[in-house]
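Listed here are the chains, written in short residue letters.
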Amino acid sequence: VWTYGGMALTGMKFSILEVAVAPVVLGLGIDYSIHLQRRYNTFRAEGDSASLAWLKGFETLKVALTLAVITTMAAFIANIASPLPPLRNFGFGLAFGVFCAFTSSTLLVGALHVVMERDSEAYAKHIEWMRLGNFSQYMVGFQKTHQAKVIAIAAMLTVGSLIFAAAKLETEFELTDFLSEDMDVMEGRDALYDSYDAAGWKPIYILIEPADGHTSISDNADFLSATRSLDNWLASPNTGVVTPHADGNSHPAYDGPYLILFDAVEGDSSFGPTYNLTVDGELEKTESFTEGNIAAALKSLSTNDSIADPLTGESWTERVEKVVAFNDDDSIRYIRMEVLIEVKTSSDSSAVLAALRNVVGNFAEHPGTDGTNVYIAGDSVSLEAVLDGLTESQLQSTLISLAVCFTVLLALTRRIGPALIIVLPVGIAATWVVGAMAVLNLNWNVMTVMVTALTIGLGIDYSIHVWRRFEAMKEREGDVWSGMREMYASTGVALLLSAGTTVCGFTVLLFSQMPVVQDFGIVTAITVFFSLILALILLPVFLVLDTQAKNGSISN
């Protein structure tokens, strides 16, 4: 509640990404609360008052909690490097949510315990249950005998995840991803696609404007040649442009100066000679053609209210107004050509746009377009830019988050070894997540693209708690394996409980009617699971090896 209220107070614009803020904040908040609660229960079982038990619990966890909060917030704030404003807002929202979760868990929950104080005897009865019986003994036995296997398996899974993800993962996004296939609107959409070829047509635009130093677009013979070549290039099958072949018409489905003049000259035998144009299979100039004839022809059509297209009912005036803008001297100022392409998915759109960019590039290099700037625009182009931005953001935010976490840990601990050891399992978890996405045939989209950054934000907490508890217990017990046994019995059990509740929280998203939200719930639940496994199995191996490297031996 504090998180969303604070975001609203700052005037932040909410997007679909903010759906993910609540479960992430809940997952981290329950993590902080469970760790504090378990330490509180331990001190209460020893007879301390509620206030003293909570203060002692926080005292033992303050370093781990502070490190976890600072590194997690820093990892999320790293999204400021994203070129997409919604992702930047998402990062700030998560960082603020982590702060709210920490404040609520430490101050508010502690105050509630003091107000709702019970006898300490009730806590003593559950102290053994809190250690999950022989869980710590089993884990220490596993660590003693399988260290080499753990490292080998982790390395193989990491390499395999990277290879599999590189081969299969794609960035895709459709508005229909937000709708369930069972909805009536989706059934209607499928029926439209099955019944009408035009259902998958989408417009893009070729925009032409004068370059710097020019005030108009030259309409000389080279310009006519350039537009004629563009007409032929757009008709090529690999461009994805709709090209109807009926009644001898082989022009692609677009509207531009060339096609308007072609139809006018072909439909009116007196129009062509007036402006020194003729049709002989293609629109050609006559020997008397001079610069300015094309602009004059288009200007005359812009005042002609007769029907230009019997199918749509558009007049010549309406057709010209959608394509050409004139200067006060009736020269051509701007040109906008609408081109219909046939695509159904973002992958189709990317392939078509790549082909069209080649066409537009050739058109822009034609002598007839000298002194102009040519662009390609439209919703499909914007969507591609968003998807490219998502992919770029995913890579940048992951690398920056890892770098920030390492830097913060290094600054706070002033030790390179622990900083590397803590961050390494988190980075490995991120690679496993993308590998799992490839196995499950999930693609990068507006929601799942943030999962690697979330992996770091969630996983770094687990690693820090394991490391800090291991270091404290090793020093107290005077023995590595005894310290690890105590770490598993306390922090290990707490992580099992917090990870279990977090996984359940994200699994609730499976009840959403939005497929992208369902995918986000699955992927984030997997993220938490991998982070837990690596924190409890792989990280202790590194911690033991680090201790061995320092001391030269490990006590049994």
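Only a predicted model underlies this, so the values are computations on that prediction, with no experimental measurement involved. (Residues numbered from 1 in each chain as written. Predicted model: local features only at pLDDT ≥ 70, side-chain atom pairs only at ≥ 80, totals over all residues. Heavy atoms only, no water.)

### Topic: the overall build of the protein chain
Definition in use: Helix and strand assignments come from DSSP, with helices taken as H or I runs of at least 4 residues and strands as E runs of at least 2, each series counted from the N terminus. Only the C-alpha atoms count toward the radius of gyration. The rule for a globule is 2.2 Å times the residue count to the power 0.38. In this scheme, a residue with accessible area under 20% of its type's maximum is buried, one over 50% is exposed, and one in between is partly exposed, where area comes from a 1.4 Å probe on protein chains only. Note on contacts: a residue pair qualifies if any of its non-hydrogen atoms lie within 4.5 Å across the two residues. Only the protein chains shown count as cover for residues, and the accessible areas themselves come from Shrake-Rupley with a 1.4 Å probe. Just so you know, the count uses Lys and Arg for positive and Asp and Glu for negative, and it drops His and the chain ends. Where a charge lies is defined by one atom per residue type: Lys uses NZ, Arg uses CZ, Asp uses CG and Glu uses CD.
Within the protein chain, the secondary structure is distributed over 19 helices and nine strands. Taken over the C-alpha trace, the protein chain has a radius of gyration of 33 Å; the compact-globule value for 556 residues is 24 Å, which it surpasses by more than 25%. By its C-alpha atoms, the protein chain is 105 × 50 × 50 Å across when sized along the principal axes. For the protein chain, buried positions account for 50% of its 556 residues. When contacts within the protein chain are restricted to residue pairs at least 6 apart in sequence, long-range pairs at least 24 apart make up 73% of them. When the accessible surface of the protein chain is split by element, carbon and sulfur atoms take 59% of a total near 25400 Å². A gap of 22 Å separates the mean positions of the 32 positive and 60 negative side-chain charges of the protein chain.

### What about the packing of aromatic side chains?
Rules: Any pair of Phe, Tyr and Trp rings, taking the six-membered ring for Trp, is counted once the centres come within 6.5 Å. Such a pair is stacked with planes under 30 degrees apart, edge-to-face with planes over 60 apart, and tilted for the rest.
A complete count under the given rule lists eight aromatic pairs for this structure. Considering the side-chain rings of Tyr 32 and Phe 102, the 6.3 Å spacing of their centres and the 85° angle between planes classify their relative orientation as edge-to-face. Residue Tyr 32 is located in helix α2 (residues 21-45), and its partner Phe 102 is located in helix α4 (residues 85-115); the two are separated by 70 residues in the primary sequence. Judged by relative accessible area, which is 1%, Tyr 32 ranks as buried. Between Trp 432 and Phe 530, the ring centres sit 5.5 Å apart and the planes meet at 90°, which makes this aromatic pair edge-to-face.

### Some details on helix α10 (residues 257-267)
Of all 11 residues in α10, eight are buried, a share of seventy percent or more. Pro 257, Tyr 258, Leu 259, Ile 260, Leu 261, Phe 262, Ala 264 and Val 265 are the residues of α10 that are buried.

### Some details on the pattern of salt bridges
Defined as follows: Counted as salt bridges are all cases of a side-chain nitrogen of Lys or Arg within 4 Å of a carboxyl oxygen of Asp or Glu.
This structure, assessed with the given rule, holds 11 salt bridges. In this structure, Glu 282 engages Arg 228 in a salt bridge whose closest nitrogen and oxygen atoms are separated by 3.8 Å. With Glu 282 in the loop between β3 (277-279) and β4 (283-285) and Arg 228 in helix α9 (residues 221-234), this residue pair connects regions lying 54 residues apart in the sequence. The exposure class assigned to Glu 282 is partly exposed, which follows from its relative accessible area of 27%. The class of Arg 228 is buried, set by a relative accessible area of 15%. The residue Arg 228 makes a salt bridge to Glu 284 at a minimum N-O spacing of 3.7 Å. Taken together, the residues span a long stretch of sequence, with Arg 228 in helix α9 and Glu 284 in strand β4 at a distance of 56 residues. Glu 284 sits in the partly exposed class, given a relative accessible area of 27%. Beyond isolated ion pairs, a larger network of salt bridges with shared partners links Arg 228, Glu 282 and Glu 284.

### Notes on the pairing of strand β1 (residues 201-210)
In regular strands, side chains alternate between the two faces of the sheet. Rule in force here: When DSSP finds at least two bridges between two strands, those strands are taken to pair.
Note that β1 and strand β8 (residues 332-342) share eight bridges and pair antiparallel. Opposite Leu 207, over in β8, you have Arg 336 as the bridge partner. The pairing of β1 with strand β9 (residues 372-377) spans six bridges and is classified as antiparallel. Note that in β9 the partner of Ile 208 across the bridge is Val 374.

### Points about a nonpolar patch on the surface
Selection rule: Excluding any residue in a salt bridge, patches collect residues exceeding 30% relative accessible area, merging like charges within 9 Å and nonpolar Val, Leu, Ile, Met, Phe, Trp and Tyr side chains within 5 Å.
Residues Val 1, Trp 2, Leu 108, Leu 112, Val 115 and Met 116 make up a contiguous nonpolar surface patch of about 710 Å² in total accessible area. It is α4 that provides the largest number of residues to the nonpolar patch, a total of three residues. With respect to the helices and strands, the residue Leu 108 is situated in helix α4.

### Here we look at unusual backbone geometry
The phi angle at Asn 276 is positive, at roughly 60°, despite the residue not being glycine. Structurally, Asn 276 can be placed in the loop between α11 (271-274) and β3. On the basis of relative accessibility, which here comes to 15%, the residue Asn 276 falls in the buried class. Unlike most non-glycine residues, Asp 330 shows phi in positive territory, near 70°. Taking relative accessible area as the criterion, Asp 330 reaches 35% and is therefore assigned partly exposed.

### Thoughts on the side chain of Asp 255
Within the secondary structure, Asp 255 sits in strand β2 (residues 254-255). Those residues in contact with Asp 255, other than ones at most four positions away along the chain, are Ile 260, Arg 319, Val 323, Arg 336, Met 337 and Glu 338.

### Some details on α4
Side chains three or four residues apart in an α-helix point the same way, a direct result of the helix having 3.6 residues per turn. Here is the rule: Helix span, expected: 1.5 Å multiplied by one less than the number of residues in the helix. Across the chain, bend at a residue is computed as the angle between axes fitted to the seven residues ending at that point and the seven starting from it.
Its 31 residues place the ends of α4 43 Å apart at the C-alpha level, agreeing with the 45 Å of an ideal helix rising 1.5 Å per residue. Where α4 bends most, the angle comes to about 30°, and this point is Ser 104.

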